[in-house]
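Architecture and fold: a report
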Amino acid sequence: MEAYLEYSAVAFGVIYVMLAARNNVWCWLAGIISSVLYVYINVVNNLFQDAILQTYYVAAGFYGWWLWSNKGNAEEELIVHSFSKQQNLKLIFFGALLVPIFGFAFSKLGNSLSYFDSAVTIFSFIATWMTTKKILENWIYWIVIDIVAAVMYFIKHLNPTSCLYIFFAVIAAYGYYEWRKKIDLQSNAHRYGVNG
């Protein structure tokens, strides 16, 4: 039963990241389903840090769905945009400050990979927030996070999930390409006064 749930979570995770790369609002529904399943899987396997992260993903999923579904005032509609180097450095610095704090807390829960878990957790919080806001660089964060997470889940003997994160890293590269293209189209439309 648990294996079936893990494969289902993987399947919905794949749907989520592929739709997100295509800038499709329905990615959030798939992400919510995947995360709910992972909350259960992680609790059953006593992976409470991962369960906390997946719970955050559920909440972020509803928030992202709400943001991306905004069809009101055109000026309020969320568009893909990029952060400056300074803005990204501030996020990285903020995340780096929190990693040892959470790593120490995780170590007290008996996690042998506490500081790696902390880094994945903190920067996943940041990258998910960036995704909800349609910030291009979220995909760069995800590439790094996914590679680290793939190794961690392999060590934790969750092999299908480890493979999923390798796939996520590949799709994240595709997502960056697609969103970069979207920004270029928006820039050209603005430059020549074209709407849409």
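Our subject in this report is the structure included herewith. Treat the numbers as computed from the prediction; the structure is a model and nothing was measured.

The subject of this paragraph is the overall build of the chain. A count of helices and strands for the chain gives seven helices and zero strands. When the helices and strands of the chain are listed from N to C terminus, the series reads α-α-α-α-α-α-α. A total of 196 residues make up the chain; the buried ones form 44% of that total. Restricting the contact set of the chain to residue pairs at least 6 apart, pairs at least 24 apart contribute 69%. When the accessible area of the chain is evaluated, it comes to approximately 10800 Å², of which 70% is carbon and sulfur surface.

The phi torsion at N23 lies on the positive side, around 65°, for a residue other than glycine. We note that K134 has phi near 55°; this positive angle belongs to a residue other than glycine.

This part is about helix 3 (residues 48-68). In a regular helix each residue adds 1.5 Å, so 21 residues correspond to 30 Å; helix 3 covers 30 Å between its end C-alpha atoms and thus fits that length. Listed as buried for helix 3 are Q49, D50, A51, L53, Q54, Y57, V58, A60, G61, G64, L67 and W68.

Here we come to the pattern of salt bridges. Per the counting criterion, the structure on display carries three salt bridges. In this structure, K181 and E178 form a salt bridge, with 3.4 Å as the shortest nitrogen-oxygen distance. With a gap of three residues between them, K181 and E178 both fall in helix 7 (residues 159-191), about one helical turn apart. The partly exposed category is assigned to K181, whose relative accessible area is 36%. Among the residues examined, E178 registers a relative accessible area of 13% and is labelled buried. Between R180 and D184 there is a salt bridge whose closest N-O contact spans 3.6 Å. You can see R180 and its partner D184 sitting in helix 7, four residues apart, about one turn around the helix.

Turning to the packing of helix 2 (residues 27-44) against helix 3, a few remarks are in order. Between two packed helices, the angle of one axis relative to the other and the distance separating the axes together describe the packing. Packing of helix 2 against helix 3 brings their axes to within 8 Å, and their N-to-C directions diverge by 165°. Here helix 2 lies roughly antiparallel to helix 3, going by the angle between them. As for the relative orientation of helix 2 and helix 3, their crossing is left-handed in sense. Considering only residue class, the contact of helix 2 with helix 3 consists of 16 nonpolar, six polar and one charged.

A few words on the packing of helix 3 against helix 5 (residues 114-132). Packing of helix 3 against helix 5 brings their axes to within 9 Å, and their N-to-C directions diverge by 5°. By the angle class used here, helix 3 and helix 5 are roughly parallel. In contact with Q49, D50, L53, Y56, Y57, A60, Y63, G64, L67 and W68 of helix 3, helix 5 contributes D117, T121, S124, F125, T128, W129, T131 and T132. Class assignment of the residues belonging to the contact of helix 3 with helix 5 gives a composition of nine nonpolar, seven polar and two charged.

The next thing to look at is empty space enclosed by the protein. Gaps left between atoms show up when a probe the size of a water molecule is rolled over them. Taken as a whole and assessed by the stated rule, the structure comprises two cavities of 30 Å³ or more. The computed volume of the largest cavity comes to approximately 330 Å³. Counting only elements with at least two residues in the lining of the largest cavity, the list comes to helix 1 (2-21), helix 2, helix 3, helix 5, helix 6 (138-155) and helix 7. No other element matches the six residues that helix 2 contributes to the lining of the largest cavity. Of the residues assigned to the lining of the largest cavity, the class counts are 13 nonpolar, nine polar and one charged. Its volume calculated, the second largest cavity comes out at about 40 Å³. The set of elements that each furnish at least two residues to the lining of the second largest cavity consists of helix 3, helix 5 and helix 6. Among the residues forming the lining of the second largest cavity, the class breakdown is seven nonpolar, one polar and one charged.

Parameters and conventions
Residues numbered from 1 in each chain as written. Predicted model: local features only at pLDDT ≥ 70, side-chain atom pairs only at ≥ 80, totals over all residues. Heavy atoms only, no water. Helix = DSSP H or I, 4+ residues; strand = E, 2+ residues; numbered from the N terminus. Buried < 20%, exposed > 50% of the residue type's maximum accessible area, 1.4 Å probe, protein only. Contact = heavy atoms within 4.5 Å. Areas by Shrake-Rupley, 256 points an atom, 1.4 Å probe, with all protein chains shown as cover. Expected span 1.5 Å × (residues − 1). Salt bridge = Lys/Arg side-chain N within 4 Å of Asp/Glu carboxyl O. Axes fitted to C-alpha atoms, helices over the stretch in contact; angles between N-to-C directions. Parallel < 35°, antiparallel > 145°, perpendicular 65-115°, else oblique. Left-handed = near helix turned anticlockwise from the far one by under 90°. Nonpolar A, V, L, I, M, F, W, Y, C, P; charged D, E, K, R; others polar. 1 Å grid on protein atoms, 1.4 Å probe; cavity = no way out; pocket = protein on both sides within 12 Å on 5 of 7 lines; lining within 4 Å. Points joined across faces, edges and corners; volume = space filled by probe spheres on them.

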